[in-house]
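A structural walkthrough
Okay, here's what each chain looks like letter by letter:
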Amino acid sequence: MTDQKQEQLKRAEGFPFERVPAPLIAWYRANKRDLPWRVNPTPYRVWVSEIMLQQTRVEAAKEYYLRFLSALPTVFDLAACEEEKLLKLWEGLGYYSRVRNMQKAAKLVVENYGGEFPAEEKALKGLPGIGDYTVGAVLSIAFGLPYPAVDGNVLRVLSRVSENPSDISDTKYREFLREKLRAVYPQDRQGCSDFTQALMELGALICKPAVIECSVCPLKELCSARKNGTQKEYPVMPEKKGKREESLFVFVIETEKGIAIRKREAGVLKGMNEFPSAVVKEGDLPEETLKEWGVSAFNIVRQKKYTHIFTHIRWNMTCFFVRAEDAPFAAYSREEIEREVALPTAFKQCLGVMID
Ligand code: SF4
């Protein structure tokens, strides 16, 4: 590390974090958005919303959240939910392992804690799919305890106010921020809940990634980046790694019984429903794959190309609409697929190949 960067780091680490809560909480109380998970913030409701918000924008999450809570209003309902119904409720949100983990956690909360979430860091961390961030969110927002929840929004705000040159993917930096915040949390229950949400809200509404509205920011008097005009230089992001690419054949096979669906046995989306697919390389022929599977008397009617981008991988999919006499897969009508089969977005778009 250069001397200059070391100097800067020292200055950033000496930032007066204790001056953040008062103006921020006052601003939050006057400006917070009405969001469904802010009504009656029980541990269960906060937990569900935080898992959804890890992967979905607030506006899109609202509808999913209300649907999920109306179908599964308590942790008991989630623990007892049949898997296919659960995956259908999650359809469109992606990252299906998260909802599977939620159900595992719900079962443990029911079995080990009588359906009451434990108000304790170590016990919460022992539940599947719950990391530092979610623990902080549940403990502070639902239980009113002084635990920070440091997500991307919070990292951005704090990196800017203190002009911290640390890479935000550095776990030591996150730990440093958690410690600093924890030391300045308000003493009262409502204050703890509001401080966590205020930090997130400022990052979502004012101190956004590209549009930064310093003139209306409650931290403008304190903020080092604003003082020095360096807002856009923070937060310091990790170097981007390129995405791996995979080519797939996806077959929407229609027989007299319906459209073929099977469960994925390996790779991305393992355990989820799919239209039968295969990872392919240049020169592979779709007819060969269909024959290998034992699809009989088939006719490839049409093909279309789609892409789907996951966090670390990009799928280049060639989807084939195939009419066949028989196929060795479960079959569903199109209405059944819409109504009851949880189908990841990557595959759902392949239904488009049926339309000319
Ligand atoms: S003053 Fe500007 S850069 Fe600083 S926290 Fe507020 S919005 Fe972000």
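Residues numbered from 1 in each chain as written. Predicted model: local features only at pLDDT ≥ 70, side-chain atom pairs only at ≥ 80, totals over all residues. Heavy atoms only, no water.

So, about the domain arrangement of the chain. According to the domain assignment, the chain consists of domain 1 (3-233) and domain 2 (244-354). With centres defined by C-alpha atoms, the gap from domain 1 to domain 2 works out at 37 Å. On the surface where domain 1 and domain 2 come into contact, there are two salt bridges. Of the charged contacts, one joins Glu84 and Lys263 as a salt bridge, the two residues approaching to 3.2 Å between their closest N and O atoms. (Domains from an automatic or database assignment. Salt bridge = Lys/Arg side-chain N within 4 Å of Asp/Glu carboxyl O.)

Here we take up the site of the ligand. The local shell around the ligand consists of Arg160, Val161, Ile206, Cys207, Ile212, Cys214, Cys217, Lys220, Cys223, Arg226 and Gln231. When its residues are assigned to classes, the shell around the ligand shows seven nonpolar, one polar and three charged. (Near = heavy atom within 4 Å. Nonpolar A, V, L, I, M, F, W, Y, C, P; charged D, E, K, R; others polar.)

On to the pairing of strand S5 (residues 299-309). As paired strands, S5 and strand S6 (residues 313-323) are joined by 10 bridges and run antiparallel to one another. Pairing of Ile309 across the sheet is with Arg314, part of S6. Where S5 folds back onto S6 in an antiparallel hairpin, the turn is made up of three residues. (Pairing = 2+ DSSP bridges. Helix = DSSP H or I, 4+ residues; strand = E, 2+ residues; numbered from the N terminus.)

On to the nonpolar core, then. Formed by 102 residues in total, the largest nonpolar core has its most connected members in Tyr44, Trp47, Phe68 and Phe275. A per-element tally of this core places helix H9 (residues 132-142) first, with seven residues. When residues of this core are assigned to domains, at least three map to each of domain 1 (3-233) and domain 2 (244-354). With residues up to four places along the chain from it excluded, the contact list for Phe68 reads Tyr44, Val48, Met52, Leu78, Leu86, Leu89, Trp90, Val99 and Met102. One finds Ile253, Ala278, Val322 and Ala324 within the second-largest nonpolar core, a separate group that totals 14 residues. (Core = buried A, V, L, I, M, F, W, Y, C linked by side-chain atoms within 4.5 Å. Buried < 20%, exposed > 50% of the residue type's maximum accessible area, 1.4 Å probe, protein only. Contact = heavy atoms within 4.5 Å.)

Our next topic: the packing of aromatic side chains. Two aromatic rings are characterised by how far apart their centres lie and by the angle between their planes. On inspection of all chains with the given rule, the structure shows 14 aromatic pairs. A ring pair is formed by Phe17 and Phe176, whose centres lie 6.4 Å apart and whose planes are at 75 degrees; its orientation type is edge-to-face. In this pair, Phe17 is assigned in the loop between helix H1 (3-13) and helix H2 (21-31) and Phe176 in helix H11 (residues 171-184), connecting sequence segments 159 residues apart. Here Phe176 falls in the buried class, since its relative accessible area comes to 17%. With a centroid separation of 5.1 Å and an interplanar angle of 85 degrees, the aromatic rings of Phe249 and Phe320 are classed as edge-to-face. Taken together, the residues span a long stretch of sequence, with Phe249 in strand S1 (residues 244-255) and Phe320 in strand S6 at a distance of 71 residues. On the basis of relative accessible area, Phe320 is assigned to the buried category, the value being 3%. The residue whose ring lies beneath Arg182 is Tyr147, and the NZ or CZ to ring-centre distance is 4.0 Å. Between Arg262 and the ring centre of Trp293, over which it is positioned, the NZ or CZ distance is 4.9 Å. (Phe/Tyr/Trp six-rings, centres within 6.5 Å; stacked < 30°, edge-to-face > 60°. Lys NZ or Arg CZ within 6 Å of the ring centre and 35° of its normal.)

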